[in-house]
Amino acid sequence: MMGNGRKFGIIGCQHAHIGIFIEEMQALGWECAGLYEPDHTVLASSLAERYGLELIGDRESLLADDQVMVIGCAAINREKIDVIELCEQRGKHIMIDKPAVTDRAGLSRLHGVLERGRIEVGMMLTERFRSSMHTVHRLIQSGELGDIVHISMRKPHRLNPVTRPAWHFDRTQSGGILNDLLVHDFDLLRWLTGREVKTVSGYLAKHILPEYPTFYDAAGVQVFMDGGITAQLYADWHTPAGSWTWGDGRIFITGTSGIAEIRLEGDPLLSRDEVVLVITNQELRSVPLEAPPFSLAQDFLNRVEGERGLISHHDIYTASEATVAADEGAQIICRE
């Protein structure tokens with residue numbers, strides 16, 4: 001491990017997701033040396049107040065501090081690869097909010113960093129660390145569902161456009177809905193099945209906000225995987241403002257011996273807790289959830305310490321590559 005301290009810093013705070021990383025690092029006893037965000041000052045100030053952080057006006061103070069070993073980054077999506085390369089130059093490990101890249105050029109640059117292996121790069125693939133996902137992964141590994149046949153993932157999101165920065169609506173800057181949202185799903189497909197993505201085909205649809213011509217509000221992808229497994233992924237920005245949750249996400253997994261449904265945000269008529277339902281020939285039951293043994297931040301720090309992590313560089317690159325490919329080949333559908 002580089003240096004003698006247990007400090008981390010934040011460069012780029014354009015999305016509140018970075019708060020998860022800050023909270024987990026502090027829970028592990030790490031000290032934040034400061035938060036640098038020159039533009040989205042409202043969010044940066046809010047997180048600084050919540051977690052007791054110092055707002056700094058110069059990222060160099062973090063990069064030059066030998067005790068700062070890790071950088072967290074939630075910069076504008078297109079600019080994250082710049083920060084990754086900067087951290088490589090300065091010998092700092094980095095954890096980024098997803099997505100890592102927004103296009104093929106960024107993917108090529110990411111590949112270079114990962115291949116050189118001078119630093120550890122993490123990505124906030126937080127879905128793996130949900131209790132529901134950890135539990136279902138264990139069920140699949142035990143063979144209770146049999147051989148996996150098909151996986152369907154539905155991820156609606158609430159947009160709240162007045163609270164979003166302008167770059168969010170620019171596909172070049174944000175990467176668009178596929179890169180922004182479905183990178184989680186491509187990672188989960190590989191993790192749950194142990195198989196690789198072979199081909200993808202899909203669409204981007206536009207129904208709202210004509211003032212943002214490159215902002216697409218819905219997307220769907222058909223995925224073919226090794227072993228004859230198929231998958232369908234769907235995401236949109238159409239969850240109403242009055243919804244009980246940011247998005248009623250559901251995952252359906254069909255196996256030769258049973259099926260599972262994951263209600264990521266619970267059931268509004270019963271509870272907002274995650275739910276896993278399993279149906280086999282014997283019964284329908286709700287499965288008790290098992291929490292992962294460690295957090296996303298701990299998994300990343302394990303890699304920093306030279307141990308094998310649950311999420312590897314290969315996982316990050318492969319999920320990003322599949323997402324970029326899906327975005328490149330997507331058919332554009334616009335409301336007339």
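Before going into details, it helps to say that this report is about the structure given with it. (Residues numbered from 1 in each chain as written. Predicted model: local features only at pLDDT ≥ 70, side-chain atom pairs only at ≥ 80, totals over all residues. Heavy atoms only, no water.)

Before going further, it helps to spend a moment on the sheet that holds strand β1 (residues 7-13). Overall, parallel pairing links the six strands, which are arranged β3-β2-β1-β4-β5-β6 in an open sheet. The open sheet terminates on both sides in strands that have one partner only, identified here as β3 (55-56) and β6 (121-123). Each of β1, β4 (68-74) and β5 (93-96) is contacted by helix α1 (residues 18-27), which is oriented at about 175 degrees to β1, the strand it contacts most. (Pairing = 2+ DSSP bridges. Helix = DSSP H or I, 4+ residues; strand = E, 2+ residues; numbered from the N terminus. Contact = heavy atoms within 4.5 Å. Axes fitted to C-alpha atoms, helices over the stretch in contact; angles between N-to-C directions.)

Scanning all chains against the criterion turns up 26 salt bridges. The partner of R104 in a salt bridge is E328, with the nearest N and O atoms 2.7 Å apart. With R104 in helix α5 (residues 104-116) and E328 in helix α11 (residues 313-328), this residue pair connects regions lying 224 residues apart in the sequence. Accessibility expressed as a relative area gives 47% for E328, which makes it partly exposed. Between R285 and E283 there is a salt bridge, and its shortest N-O distance comes to 3.7 Å. (Salt bridge = Lys/Arg side-chain N within 4 Å of Asp/Glu carboxyl O. Buried < 20%, exposed > 50% of the residue type's maximum accessible area, 1.4 Å probe, protein only.)

Once that is clear, we can look at the nonpolar core. F8, I18, F21, V70 and I94 are the most contacted members of the largest nonpolar core, which has 59 residues in total. If you tally residues by element for this core, the top one is β4, at six residues. Excluding residues within four positions of it along the chain, F21 makes contact with F8, I10, V70, G72, M95, M124 and A297. (Core = buried A, V, L, I, M, F, W, Y, C linked by side-chain atoms within 4.5 Å.)

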